[in-house]
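So the chains spell out like this:
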Amino acid sequence: RAKELGRNNYQFFSEDMNHSILEHLALEKELKEAIQREQFTLMFQPKISLFDYHITGVETLIRWQHPDKGLIPPDSFIPVAEETGQILEIGDWVLEQSCRQISSLIRDGVLSASTKVAVNLSAKQFTDPDLADRIRNVIDISQIPPQCLELEITESTLMDDVETAIHIMQEVKKTGVSIAIDDFGTGYSSLAYIKRFPIDVLKVDRSFVMDIPQDQNDMAITAAVIAMAHKLSLEVVAEGVETEEQLHFLRRNNCDEGQGYLFSRPLSLGQLHQFLRENEHKRQANNYQI
Ligand code: C2E
Ligand code: MG
Ligand code: MG
Ligand code: MG
């Protein structure tokens, strides 16, 4: 009986595997078409200064406009694109479109010339030896000032191979762009490494912000990360700011910038235009609760 059960389990397991491999292959094929047909679109989420509420930057977030399945979020396809290597082509598209679209907003005077475009890079892109050249190329094509471009890299990506990461970061920094560590606090980075990375910004992961003000530990960690970052001359951005209480806590602790649904969800380009107009009105009318 045990044998039978074992065999059934085995069969079940292997069918399951086949299923996921098939799904994986189907997704890879669909992604290939998506790349050829440029079925991707960008959403834009503003970053806000917690000192005077001006818009300091805009992060671009990819979506896949699937012809049948609708809008697919990045977590559902980026991991596969990483495994297949397709992320390099998708990443090039994201970089170029992000710079083109934001630099046109800057040229039209809709965004100030000091606004940053923040682009997410995945691990595979970050170990690409041509990364610095790709970035130089995109700066040329889009005519964006390099200091307006910021690359977001998750902490875990950097920790895979620290020496290589530092080397690539140094190459990338030579292009004049800045580097932010995304989802800070979720990886295993040792503080000893943080000071060796040539980075400019720490983004405190949403998981620490989420339970403020209920969770004393999260508040302690967030306050400590902000203080540490400032001592290292880094800017701090809090992710996932959803409530006024969180905003007040972050302001009291001198967090530089915030991002989250309290200010704005990720927006289409048209919605971003609208948001920028309204934000300017609000700021002029001093309408934000401080
Ligand atoms: P991320 O870079 O940490 O981006 C923040 C995610 O949190 C976004 O999800 C955003 O929509 C969401 N978010 C922002 N504010 C709030 C909030 O107040 N509350 C909550 N609950 N969520 C908030 P999204 O767009 O689904 O992106 C997920 C992840 O996918 C990103 O995390 C990033 O790691 C990755 N990603 C997005 N676009 C790209 C891309 O172009 N290239 C690569 N390689 N990865 C990307
Ligand atoms: Mg990000
Ligand atoms: Mg993040
Ligand atoms: Mg995140």
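Residues numbered from 1 in each chain as written. Chains lettered and ligands numbered in written order. Predicted model: local features only at pLDDT ≥ 70, side-chain atom pairs only at ≥ 80, totals over all residues. Heavy atoms only, no water.

Caption draft 1: A look at helix H3 (residues 87-107). For H3, with 21 residues, the first-to-last C-alpha span of 29 Å sits near the 30 Å given by 1.5 Å per residue. Gly109 sits one or two residues past H3 and shows a positive phi near 80°. (Helix = DSSP H or I, 4+ residues; strand = E, 2+ residues; numbered from the N terminus. Expected span 1.5 Å × (residues − 1).)

Caption draft 2: Region of the structure containing the coordination of the magnesium ion (ligand 3). Note on the magnesium ion (ligand 3): its protein donors are Asp182 (OD), Asp183 (OD) and Glu239 (OE). The metal-donor distances range over 1.7 to 2.2 Å. Sequence positions of the residues that donate to the magnesium ion (ligand 3) give the spacing D-D-x55-E. In this structure the magnesium ion (ligand 2) is found 3.9 Å away from the magnesium ion (ligand 3), and Asp182 serves as a bridging donor for the pair. Residue Asp183 is found in strand S6 (residues 178-184), and its partner Glu239 is found in the loop between strand S8 (235-238) and helix H11 (244-252); the two are separated by 56 residues along the sequence. What makes Asp183 partly exposed here is its relative accessible area of 23%. (Donors = N, O, S within 2.8 Å, 3.2 Å for Na, K, Ca; no water. Buried < 20%, exposed > 50% of the residue type's maximum accessible area, 1.4 Å probe, protein only.)

Caption draft 3: The arrangement of helix H10 (residues 216-231) in detail. Taking 1.5 Å of rise per residue, 16 residues should cover 22 Å, and H10 covers 23 Å from first to last C-alpha, within 8% of that figure. Along H10, the positions that sit buried rather than exposed are Asp218, Met219, Thr222, Val225, Ile226, Met228 and Ala229. Looking at the buried positions of H10, the neighbouring elements they touch are S6, helix H8 (191-194), strand S7 (201-204), helix H9 (206-209), S8 and H11. Where H10 begins, the side chain of Asp215 points an oxygen toward the backbone nitrogen of Asn217, at a separation of 2.8 Å. Two residues or fewer after H10 comes Ser233, characterised by a positive phi angle close to 60°. (Contact = heavy atoms within 4.5 Å. Polar contact = N/O pair within 3.5 Å; in protein donor to acceptor, adjacent residues only side chain to side chain.)

Caption draft 4: Structural detail: the site of ligand 1. Neighbouring ligand 1 are 23 residues, the closest being Arg63, Asn120, Asp182, Glu242 and Tyr261. Ser122 is positioned with one of its backbone polar atoms (N or O) 3.5 Å from a nitrogen atom of ligand 1. Glu239 has a polar side-chain atom sitting 3.3 Å from an oxygen atom of ligand 1. Those elements that place two or more of their residues in the shell around ligand 1 are strand S2 (55-66), strand S4 (116-121) and S6. At four residues, S2 tops the list of elements feeding residues into the shell around ligand 1. Taken together, the residues of the shell around ligand 1 break down into eight nonpolar, six polar and nine charged. (Near = heavy atom within 4 Å. Nonpolar A, V, L, I, M, F, W, Y, C, P; charged D, E, K, R; others polar.)

Caption draft 5: Spotlight on the packing of aromatic side chains. Inspection of the entire model under this criterion finds four aromatic pairs. Judged by centre distance (6.0 Å) and plane angle (50°), the ring pair of Phe40 and Trp93 falls under tilted. Here Phe40 is found in strand S1 (residues 40-49), whereas its partner Trp93 is found in helix H3, with 53 residues between them in sequence. Trp93 carries the same exposure label as Phe40, and that label is buried. Ring centres of Trp64 and Phe77 lie 5.5 Å apart, and the angle between their planes is 75°; this geometry places the pair in the edge-to-face category. Of this pair, Trp64 sits in strand S2 while Phe77 sits in the loop between strand S3 (70-72) and helix H2 (78-84), and the two are 13 residues apart along the sequence. The exposure classification of Trp64 matches that of Phe77, with both residues buried. Counting every residue linked through ring pairs, the aromatic cluster contains Phe40, Trp64, Phe77 and Trp93. (Phe/Tyr/Trp six-rings, centres within 6.5 Å; stacked < 30°, edge-to-face > 60°.)

Caption draft 6: Representation of the pattern of salt bridges within the structure. Taken as a whole and judged by the stated rule, the model has 14 salt bridges. One salt bridge connects Lys116 with Glu150, and the closest N-O pair in it is separated by 3.5 Å. With Lys116 in strand S4 and Glu150 in strand S5 (residues 149-154), the pair connects residues that are 34 residues apart, well separated along the chain. A relative accessible area of 4% places Glu150 in the buried class. Connected through salt bridges with shared partners, the residues Lys47, Glu59, Lys116, Glu150, Glu152 and Lys203 form a single ionic network. (Salt bridge = Lys/Arg side-chain N within 4 Å of Asp/Glu carboxyl O.)

Caption draft 7: Examining the packing of helix H5 (residues 131-142) against helix H7 (residues 162-173) more closely. In the contact formed by H5 and H7, the axes pass within 9 Å of each other and the chain directions differ by 20°. Viewed along their axes, H5 and H7 adopt a mutual orientation that is roughly parallel. When you trace H5 past H7, the crossing you get is right-handed. In this structure, H5 contributes Leu131, Ala132, Ile135 and Arg136 to the contact, and H7 contributes Ile168, Glu171 and Val172. Grouping the constituent residues of the contact of H5 with H7 by class yields five nonpolar, no polar and two charged. (Axes fitted to C-alpha atoms, helices over the stretch in contact; angles between N-to-C directions. Parallel < 35°, antiparallel > 145°, perpendicular 65-115°, else oblique. Left-handed = near helix turned anticlockwise from the far one by under 90°.)

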